[in-house]
Amino acid sequence: MSTVASTQPAEGTADPTRPGYDAILLAGFGGPEGPDDVMPFLRNVTRGRGIPDERLVEVSHHYQALGGRSPINEQNRALRAALETELQRRGVDTPVLWGNRNWAPYLSDVVTEAAAAGQIRLLGLATSAYSSYSSCRQYREDFGRALADTGLVGRVRIDKVSPYFAVRGFVEPFVDDTAAALRSAAEAGLSPADVRVIFTTHSIPNTMADTSGSASLGDHQPGGAYVTQHLAVARTVLDGVARQLPETEGIGWQLVYQSRSGPPSVPWLDPDINDVIEGLAGEGVKGVVVVPIGFVSDHVEVIWDLDHEAAETAQEHGLWFARVPTPGTDPRFVAALADLLVRRLDGSDPADDAPGGRVVAATARPDFCAPACCVNARVRRPTTAAQDSAVDWDGLDVRPAQLVASGIPGVAAS
Ligand SMILES: CC1=C(CCC(=O)O)c2cc3nc(cc4[nH]c(cc5[nH]c(cc1n2)c(C)c5CCC(=O)O)c(CCC(=O)O)c4C)C(CCC(=O)O)=C3C
Ligand SMILES: [Fe+2]
């Protein structure tokens, strides 16, 4: 008896709904790699979003001033490699792929290549830690589009790791680096009473904030899950800092917003970081520590809007200024993401004191987003990885059997 070698997949291996994953899909924002990429990139980002042209021209100057490129792709390449290394260290050989929403390598291309290589069960991980249309559902729409545009509906499944703002490995780097910034302030002669801690995140339209998260999880108060989650992270960071530096207990702080881009007639979350810095100078505050809890890497929104603009505002008003780094590839952050991935790969839960253990008191997010989570107020687009994703495919030329075969939840029994 001899076994005949075969190139055919084993019985059933072409079924993307089998438990388990063939690859992790790190989903990034994307950014331009050279001056000629800047305008096409900005058009990709804002397509159909009602952002005025003047704003695009203004933002293009930020990118051009930085050499026409964003560091974000390099940062995501580094995160991809670090995640794969960390998984291998744990004996997990699942590969980590990387694709972007708004620039090459595009998710659609990466998913096409993956499917050709037999990777048909993908676990998505967004470079965005919070709940809102922009920071969660839009990534699920990009997964849906990657299936729809490539004809892979029914042949590939893409799930998604839930927003991870609450895990220890995301929060701890901010704690240590905020404490370090407050120590520098003290060395510069500033007492905690002279300093304000300013937590900053991306502004989004008020309506987007109010509908962030899910009504069924109790998220829909004004500001929604987006604001609630950021406030909870800010408080957790302050508690951690006060444990290291007891003299900072009760230090003045607030949550502010940056990078607003809609027309002035549309209300977005405020106050703006620059207005706040100016106001604090008027109140006699002497220094600010800016903590960008809304972001996972030091990309253009961080290095331009904070290290250039906000720093300049502080300087103009004579304020001492420090900007804390984002987690980037901090080993604690990478370990936390690996914990969350492994939890989905083998069902194990990270211990409370593990990097991926929860430290922030806020509503836990389900693995599959709750019905109508972080709705798209403008149009219905196909999504994956929500309990009711199937309704997002209504009106598209896709048979329910294909949705079932792609593991898209919420297909009504007929
Ligand atoms: C919540 C949120 C995050 C955090 C979550 C996440 O990371 O996903 C984020 C991240 C980022 N935003 C980025 C860049 C841009 N965002 C824009 C526009 C917008 N962002 C929005 C929200 C968010 N954005 C919104 C509601 C708009 C209006 C248009 C729309 O409704 O969609 C525009 C258009 C021009 C302008 O600024 O007006 C640009 C260029 C980059 C890349 C930086 C780099 O290249 O290094 C990153 C990581
Ligand atoms: Fe943005």
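Computed from a predicted structure; not experimentally measured.

What to know about the UniProt feature "binding site: Fe(2+)" (unreviewed entry) in the protein
Here's step 1: Listed under "binding site: Fe(2+)" (unreviewed entry) in the UniProt record, and renumbered for this structure, are His202 and Glu301. Spatial clustering of the annotated residues is evident: they stretch over 100 residues in sequence, but the largest pairwise C-alpha distance comes to 8.4 Å.
Here's step 2: Within the secondary structure, histidine 202 sits in strand β5 (residues 195-202).
Here's step 3: Relative to the elements of secondary structure, glutamate 301 occurs in helix α10 (residues 300-303).
Here's step 4: Look past the residues within four positions of glutamate 301 in its chain and what remains in contact with it is His202, Gln258, Ser259, Phe295 and Leu306.

Let's talk about the sheet that holds strand β8 (residues 320-323)
Here's step 1: Pairing is parallel in the open sheet, where four strands are placed in the order β6-β5-β7-β8. Each end of this open sheet is capped by a strand with a single partner; those strands are β6 (252-258) and β8. For this sheet the average axis-to-axis angle between neighbouring strands, irrespective of direction, equals 25°.
Here's step 2: Note that β5 and strand β7 (residues 287-291) share five bridges and pair parallel. Paired with valine 197 across the two strands is valine 289, which belongs to β7.

What about the site of ligand 1?
Here's step 1: Every one of the 26 residues lining ligand 1 counts as a neighbour, but Arg55, Tyr63, Ser70, Tyr139 and Ser261 are closest to it.
Here's step 2: Separating an oxygen atom of ligand 1 from a side-chain N or O atom of serine 261 is a distance of 3.1 Å.
Here's step 3: Considering ligand 1 on its own, with 880 Å² of exposed area, one finds that the protein chains cover 97% of that surface.
Here's step 4: Elements that contribute at least two residues to the shell around ligand 1 include exactly α1 (38-46), α2 (53-65), α5 (133-150) and α10.
Here's step 5: Looking at the shell around ligand 1, the element that brings in the most residues is α1, giving four residues.
Here's step 6: Split into classes, the residues belonging to the shell around ligand 1 amount to 14 nonpolar, nine polar and three charged.
Here's step 7: The residue makeup of the shell around ligand 1 includes at least three contributed by each of domain 1 (23-31 + 70-163 + 365-405) and domain 2 (168-323).

Details of the sheet that holds strand β1 (residues 23-28)
Here's step 1: The strand order β2-β1-β3-β4 describes an open sheet built from four strands, whose pairing is parallel. On the outer flanks of this sheet lie β2 (96-100) and β4 (157-160), each paired with one strand and no other. Between one strand and the next, the sheet's axes are offset by a mean angle of 30°, whatever the strand orientation.
Here's step 2: Relative to β2, β1 is paired through five bridges, and the arrangement is parallel. Bridge pairing in β2 links isoleucine 24 to valine 96.
Here's step 3: Packed on one face of the sheet, helix α3 (residues 72-89) meets β1, β2 and β3 (121-126) and runs near 160° to β2.
Here's step 4: Against the sheet, helix α4 (residues 107-116) engages β1, β2, β3 and β4, with an angle of about 150° to β2.

Let's talk about the nonpolar core
Here's step 1: With 63 residues, the main nonpolar core has Leu83, Tyr164, Phe165, Phe170, Phe199 and Ile293 as its most contacted residues.
Here's step 2: Residue-level mapping places this core at the junction of two domains, with at least three residues from each of domain 1 (23-31 + 70-163 + 365-405) and domain 2 (168-323).
Here's step 3: Excluding its chain neighbours within four sequence positions, the residues that come into contact with leucine 83 are Leu26, Val96, Leu125, Val334, Leu337, Ala338 and Leu341.
Here's step 4: Membership of the second largest hydrophobic core comes to 24 residues, among which are Ala27, Val111, Ala114 and Ala146.

Some points on the packing of helix α6 (residues 168-187) against helix α8 (residues 224-244)
Here's step 1: Direction vectors running N to C along α6 and α8 enclose 55°, while the axes themselves pass 9 Å from each other. The angle between the axes of α6 and α8 places the two elements in the oblique class. Considering the relative orientation of α6 and α8, their crossing is right-handed. Residues Val171, Phe174, Val175, Asp176, Thr178, Ala179, Leu182 and Arg183 of α6 lie in contact with α8, whose contacting residues are Thr236, Val237, Gly240, Val241 and Gln244.
Here's step 2: Per-class residue counts for the contact of α6 with α8 are seven nonpolar, four polar and two charged.

Overview of helix α9 (residues 273-282)
Here's step 1: All buried positions along α9 are accounted for by Ile273, Asn274, Val276, Ile277 and Leu280. Viewed end-on, α9 has its buried residues packed into an arc of 160°, placing them on one side of the element. In α9, the exposed positions that point more than 90 degrees away from the buried face belong to Asp275 and Gly282.
Here's step 2: If you follow the buried residues of α9, they end up packed against β5, β6, β7 and α11 (305-316).
Here's step 3: The backbone nitrogen of asparagine 274 has a side-chain oxygen 2.9 Å away, supplied by the residue at the start of α9, namely aspartate 272.
Here's step 4: The first or second residue beyond α9 is glycine 284, which carries a positive phi of 90°.

What counts, and where the lines are drawn
Residues numbered from 1 in each chain as written. Chains lettered and ligands numbered in written order. Predicted model: local features only at pLDDT ≥ 70, side-chain atom pairs only at ≥ 80, totals over all residues. Heavy atoms only, no water. UniProt positions renumbered as here; feature names shortened; annotations may be inferred. Helix = DSSP H or I, 4+ residues; strand = E, 2+ residues; numbered from the N terminus. Contact = heavy atoms within 4.5 Å. Pairing = 2+ DSSP bridges. Axes fitted to C-alpha atoms, helices over the stretch in contact; angles between N-to-C directions. Near = heavy atom within 4 Å. Polar contact = N/O pair within 3.5 Å; in protein donor to acceptor, adjacent residues only side chain to side chain. Areas by Shrake-Rupley, 256 points an atom, 1.4 Å probe, with all protein chains shown as cover. Nonpolar A, V, L, I, M, F, W, Y, C, P; charged D, E, K, R; others polar. Domains from an automatic or database assignment. Core = buried A, V, L, I, M, F, W, Y, C linked by side-chain atoms within 4.5 Å. Buried < 20%, exposed > 50% of the residue type's maximum accessible area, 1.4 Å probe, protein only. Parallel < 35°, antiparallel > 145°, perpendicular 65-115°, else oblique. Left-handed = near helix turned anticlockwise from the far one by under 90°. Arc of directions from axis to C-beta.

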